[in-house]
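Residue-level structural notes
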Amino acid sequence: MKKAYFGEFGGQFVPELLMPPLIELEEAYEQIVPSEDFQREFNSILKDYVGRPTPLTFCKNLSSELGFNLWLKREDLAHSGAHKINNTIGQALLTKYMGKKRLVAETGAGQHGVATATAAALLGLECIVFMGAKDVERQAPNVKRMELLGAEVRPVYSSTQTLKDAINEALRYWISHQRDTHYCLGSVVGPHPFPALVRDFQSVIGKEAKEQFLEKTNRLPDHVIACVGGGSNAMGIFYEFLEHREVKLTGVEAAGEGTPNCYHSATLNKGTLGILHGTKTYLLQTEDGQILPSHSVAPGLDYPGVGPEHAYLKETKRAEYVCVTDEQALSAFKVLCKKEGIIPALESSHALSFALNLKGKVKENYHVIVNLSGRGDKDLDIVFKHLK
Amino acid sequence: MSLNKFEKIFQDKQKKGKKAIMPFLPAGYPDKEKFWEYIREMDQLGADIIEIGVPFSDPVADGPVVEKASNIALKNGVNLKWIIDNLTEYRVFLDCEIVLMGYCNPFFKYGYEKLAKDMKNAGVSGIIIADLPLEESIKIKPIFDAHDISLIYLVGLNTSKERLEKYAKFASGFVYFVSVLGTTGARDKLPEELKEKLKLARDIFDLPISIGFGIKSPSQVKEIEEYIDGIVFGSSVIEHINKGKDIKDFFKAWI
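The following refers to the structure shown.

**Points about the overall build of chain A**
A tally of helices and strands in chain A yields 16 helices and 14 strands. Its C-alpha atoms give chain A a radius of gyration of 19 Å, near enough to 21 Å, the size a compact globule of 388 residues would have. Based on the C-alpha atoms only, the size of chain A along its principal axes is roughly 55 × 50 × 45 Å. Across chain A, contacts joining residues at least 24 apart in sequence account for 74% of those joining residues at least 6 apart. Within the structure as shown, chain A displays about 14,400 Å² of accessible surface, and the carbon and sulfur contribution to it stands at 50%. Across chain A, the 43 positively charged side chains and the 46 negatively charged ones have centroids separated by 3 Å.

What follows is the structure in structure tokens.
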């Protein structure tokens, strides 16, 4: 495959001024990340600070109701409440190895911002988080959380004032502060090497899941399901299973309200090919190539692009990508709370909803792993509003 | 070999001891009619090359002034087709050369092949794509070459000697040197290291060099005069227009 590309997807569509820091990061990705020292330190933080390995939970109650075997990879139990921390610890540590002193990050709902602020606090780095002004308002508790952790949150007032604008602003900041700052991008999006770098840091999810599943059942699962916004938790759990072609992989996108012409985040299902934030991938855009606003009840899925490797997995049919509406996700959310005593993130509830719908379609000895990418405490306000 | 259109402009200016004047304005800003009035006025005032901005919803290389103007242009209903259709009509009234400047996605969606052909028909001589570095341009450049459109590269203070040399192998038209390590927008002072880097670029490129990003007054470029052939200003023109001032006043200082 061409360097920096997954098939025809990916690349490095950035201003020349960003090429030197990207080349520097590529070298760090190729030389520092695989080194023994780095891996030892990374794994030790994942174990003793993040709390890895996270459990693989068999859903006893739901499985007997559904008529197949449902398992959850419990990223909700990772420190700070979601899988995001795997990546930020990796990138923060890499930043130290590269001799830089500051992290800049974007955040939508605030989860990646919190995870970046957490990693920065742990490793003694400065941290600036750009966040759309609308999101700052909607996600006030996460802003407070980031500030408690020592990060500076900068509201972004341009354009739609949401995640995509926060990414624009973080890229701009990186252009002028590249000498001492690393851009800690939160998903498998952006220019090379980010999609590969973030995937590698998240691939611990799939490695653990496979090992845990093998240990418990002495076989591989039939089906692995994860939600896809940018797609980092999905790439994280899919990657280890890619070579096992008998394992079915499903990415679940957010269909929003699911009505004709509604705003949604189903980029792979309904988007078209384009170039945004340094990468060639599927986008929600107009015929003229202007980026459209996205929407989902799950703030973490609300992005008008998607990781280029997912575009490639779709193209090559190694994974399938489906959609779930806000309402279906909310209903799955409630089911997991009541039946298993787990409050899932609304993002993960999309993946769960698809899994619950397999009822009656698969055999009794079918084994499904859903990546429960985060916990739902952050979503309670949204959920209560919708339950009214 | 005959000089290309750009080289001719820069050479004529050089003979007169002057720099090429290169204003930038997003298409359809401040509105669709006013935009063409400004373009014609700037042409008559002596602009040598006018860069027409193709608005994009997510302009990462731009500061707040250009971003806001681009958003307004988009709200005014501007797209690439409108720009090219109008140019086909207005081009005959303009003496200057026209360059389109924008981001990959609108160009990519339009289709590079069709774009190059339509640009040529509309009398456009060059294209600047802010988020298309050398590596990603290699496949696209021959398409523009085939229609006599110069793909103009941007380089900057942090572009290494090795990268400048690579660029020199492919560059056409002129070189756009970004004078600050940052986004577009007028600055009070240009960086110290600019002079040294321009000297290096002079040695490496055979093409004329224009500087842009951050420029607002002639006094800023005094010290680097001997290393440049043209000056681009965007944000400072837009700010001038935003204040409701006459565009003539802005040009007086430069011509």
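Once you've had a look at it, read on.
**Points about unusual backbone geometry**
Residue and element names in this part refer to chain A. With omega at 0 degrees, the peptide bond leading from Arg52 into Pro53 counts as cis. Residue position: Pro53 is located in the loop between α2 (36-50) and β3 (56-58). Residue Pro193 is bonded to the preceding His192 through a cis peptide linkage, with omega at 10 degrees. Along the chain, Pro193 turns up in the loop between β8 (181-183) and α9 (194-202). Here Asn218, not a glycine, exhibits a phi torsion of approximately 65 degrees, which is positive. Inspection of the secondary structure assignment puts Asn218 in the loop between α10 (204-217) and β9 (223-227). Positive phi is not limited to glycine here, since Asn261 has a value of about 65 degrees. Its place among the elements puts Asn261 in the loop between β10 (248-254) and α12 (267-270).

**What to know about the sheet that holds strand β4 (residues 69-74) of chain A**
Residue and element names in this part refer to chain A. One open sheet holds the 6 strands; their spatial order is β3-β4-β14-β9-β10-β13, and the pairing between them is mixed. Looking at strand neighbours, the two that pair on one side only are β3 and β13 (319-324), the edges of this open sheet. For this sheet, the mean angle separating the axes of adjacent strands, direction not counted, is 25 degrees. Running at roughly 140 degrees to β4, α10 makes contact with β3, β4 and β14 (367-372) of the sheet.

**Some points on the pattern of salt bridges**
All names here are of chain A. Applying the stated rule across the entire model yields 43 salt bridges over all chains. With a shortest N-O distance of 3.3 Å, Lys164 and Asp165 are connected by a salt bridge. Judged on exposure class, the residue Lys164 and its partner Asp165 are both buried. With a shortest N-O distance of 2.7 Å, Glu169 and Arg172 are connected by a salt bridge. Here Arg172 and Glu169 lie together in helix α8 (residues 163-177), a separation of 3 residues that amounts to about one turn. What you see here is one network of salt bridges that share partners, running through Arg52, Lys73, Glu75 and Glu208.

**Observations regarding the side chain of A:Ser63**
Residue and element names in this part refer to chain A. By the element assignment, Ser63 lies in helix α3 (residues 60-66). Its relative accessible area of 7% is what places Ser63 among the buried residues. In this structure the side chain of Ser63 is engaged in a polar contact, spanning 2.6 Å, whose partner is the backbone oxygen of Cys59. In this structure Ser63 touches Phe58, Phe68, Asn69 and Leu70, once residues within four positions along its chain are discounted.

**Describing the packing of aromatic side chains**
Residues and elements named next belong to chain A. All chains considered together, the criterion is met by 26 aromatic pairs over all chains. Geometrically, the ring pair formed by Phe38 and Tyr97 is edge-to-face, given 5.3 Å between the ring centres and 70 degrees between the ring planes. Taken together, the residues span a long stretch of sequence, with Phe38 in helix α2 and Tyr97 in helix α4 (residues 84-97) at a distance of 59 residues. Owing to a relative accessible area of 0%, Phe38 belongs among the buried residues under this scheme.

**Looking at the side chain of A:Gln111**
Examined against the element boundaries, A:Gln111 turns out to sit in helix α5 (residues 111-123). Not counting residues up to four positions away in its chain, the partners in contact with A:Gln111 are A:Ser80, A:Ala82, A:Lys84, A:Asn142 and A:Lys378.

**Brief notes about the interface of chain B and chain A**
Taken together, the contact pairs 38 residues of chain B with 39 residues of chain A. Taking both sides of the interface into account, the surface hidden between chain B and chain A amounts to around 2,900 Å²; carbon and sulfur atoms contribute 52%. Interface area lost by chain B to chain A is led by B:Val60, B:Glu136 and B:Leu181, which between them contribute 20%. Scanning the region where chain B abuts chain A turns up 4 salt bridges. The salt bridge partner of A:Glu16 is B:Arg163, with a shortest N-O separation of 2.8 Å. Scanning the region where chain B abuts chain A turns up 20 residue pairs in polar contact (both at pLDDT 80 or more).

**A look at helix α4 (residues 80-90) of chain B**
Every buried residue belonging to α4(B) is among B:Leu80, B:Trp82, B:Ile83, B:Ile84, B:Asn86, B:Leu87 and B:Tyr90, and all of these are buried. If you follow the buried residues of α4(B), they end up packed against α2 (32-44), β2 (49-53), β3 (97-102), α5 (104-110) and α6 (112-121) of chain B.

**Focus: the sheet that holds strand β9 (residues 230-233) of chain B**
Residues and elements named next belong to chain B. The sheet built from 9 strands is open, its strands ordered β5-β4-β3-β2-β1-β9-β8-β7-β6 with parallel pairing. Here the strands that pair on one side only, and so sit at the sheet edges, are β5 (150-152) and β6 (154-156). Strand-to-strand twist across the sheet, computed as the mean angle between neighbouring axes with direction ignored, equals 25 degrees. Sheet topology note: the β3/strand β4 (residues 126-129) ladder contains 4 bridges and is parallel. Note that in β4 the partner of Met101 across the bridge is Ile128.

Criteria and cut-off values
Residues numbered from 1 in each chain as written. Chains lettered and ligands numbered in written order. Predicted model: local features only at pLDDT ≥ 70, side-chain atom pairs only at ≥ 80, totals over all residues. Heavy atoms only, no water. Helix = DSSP H or I, 4+ residues; strand = E, 2+ residues; numbered from the N terminus. Rg over C-alpha atoms; globule rule 2.2 N^0.38 Å. Contact = heavy atoms within 4.5 Å. Areas by Shrake-Rupley, 256 points an atom, 1.4 Å probe, with all protein chains shown as cover. Lys, Arg positive; Asp, Glu negative; His and termini not counted. Charge placed at Lys NZ, Arg CZ, Asp CG, Glu CD. Pairing = 2+ DSSP bridges. Axes fitted to C-alpha atoms, helices over the stretch in contact; angles between N-to-C directions. Salt bridge = Lys/Arg side-chain N within 4 Å of Asp/Glu carboxyl O. Buried < 20%, exposed > 50% of the residue type's maximum accessible area, 1.4 Å probe, protein only. Polar contact = N/O pair within 3.5 Å; in protein donor to acceptor, adjacent residues only side chain to side chain. Phe/Tyr/Trp six-rings, centres within 6.5 Å; stacked < 30°, edge-to-face > 60°. Buried area = accessible area lost by both parts, 1.4 Å probe.

From the geometry alone we can't say anything about function, so treat these as descriptive.
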